[in-house]
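The chain contents come next:
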Amino acid sequence: AALLELEGGSARASRLFFLSVPPTVFGLVCENVHRQARAVGEGYTRLIIEKPFGRDSRTFGELNCTTSSLFREDQLFRIDHYLAKEKVLNLLAFRFANQLYEPLWNRQHIAQVQI
């Protein structure tokens, strides 16, 4: 309810979450984002997941199963924080801080970004 108030009740409001949490709480965070904080109406929800994603192959599988059951693959972005974190943060800052590009850099005009 608080997010809806901040968004002014807009049905087109979208939400982007950058998750940099330990594997022990990752599943719980994803479940709560899905249950309590997803975008409503025409908006979209995206999760940027910072690796390491689990401690080993088994925990990776468990976390992957959790995210796949809650979100579509096109809603999930997994990044290696050593290789791409700075670039992703720069892209986000460039996109939202630049009034020239902000109207063009949205889901209607960009299908994907590869780093």
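Before reading further, recall that the structure is shown in the block above.
Residues numbered from 1 in each chain as written. Predicted model: local features only at pLDDT ≥ 70, side-chain atom pairs only at ≥ 80, totals over all residues. Heavy atoms only, no water.

Caption draft 1: Region of interest: the pairing of strand E1 (residues 15-19). Residue alternation in E1 divides its side chains into a buried set, Arg15, Phe17 and Leu19, and an unburied set, Leu16 and Phe18. Relative to strand E2 (residues 45-51), E1 runs parallel, the two sharing five bridges. Residue pairing for E2: Phe17 is matched across the bridge by Leu47. For the handedness criterion, the β-α-β arrangement of E1, helix H2 (residues 23-37) and E2 is classed as right-handed. (Buried < 20%, exposed > 50% of the residue type's maximum accessible area, 1.4 Å probe, protein only. Helix = DSSP H or I, 4+ residues; strand = E, 2+ residues; numbered from the N terminus. Pairing = 2+ DSSP bridges. Right-handed = clockwise from strand over helix to strand, strands pointing away.)

Caption draft 2: Quick peek at helix H3 (residues 57-70). The end-to-end C-alpha distance of H3 is 20 Å, a good match for the 20 Å that 14 residues give at a rise of 1.5 Å each. Among the residues of H3, Thr59, Leu63, Thr66, Thr67 and Leu70 are the ones counted as buried. For H3, the angular spread of buried residues about the axis comes to 90 degrees, placing them on one side. Facing away from the buried side of H3 by over 90 degrees, the exposed positions are Ser57, Arg58, Cys65 and Ser69. (Expected span 1.5 Å × (residues − 1). Arc of directions from axis to C-beta.)

Caption draft 3: Up close: the nonpolar core. Core analysis: the largest hydrophobic core is formed by 13 residues, its most contacted members being Phe17, Leu19, Phe26, Cys30, Leu47, Ile49 and Phe71. When residues in this core are grouped by element, the largest group, four residues, is from H2. Once residues lying within four places of it in the same chain are set aside, the contact partners of Phe71 are Cys30, Val33, His34, Arg38, Thr45, Leu47 and Leu76. (Core = buried A, V, L, I, M, F, W, Y, C linked by side-chain atoms within 4.5 Å. Contact = heavy atoms within 4.5 Å.)

Caption draft 4: Seen up close, the side chain of Arg46. Looking at the element boundaries, Arg46 is found in strand E2. With residues up to four places along the chain from it excluded, the contact list for Arg46 reads Arg15, Leu16, Phe17, Asp74, Gln75 and Phe77.

Caption draft 5: Representation of the packing of H2 against H3. Where H2 contacts H3, the two axes come as close as 10 Å, and the packing angle between them is 5 degrees. When the axis of H2 is compared with that of H3, the two are roughly parallel. Residues Pro23, Phe26, Gly27, Cys30, Glu31 and His34 of H2 form the contact with H3, whose own contacting residues are Leu63, Thr66, Thr67 and Leu70. Of the residues belonging to the contact of H2 with H3, the class tally is five nonpolar, four polar and one charged. (Axes fitted to C-alpha atoms, helices over the stretch in contact; angles between N-to-C directions. Parallel < 35°, antiparallel > 145°, perpendicular 65-115°, else oblique. Nonpolar A, V, L, I, M, F, W, Y, C, P; charged D, E, K, R; others polar.)

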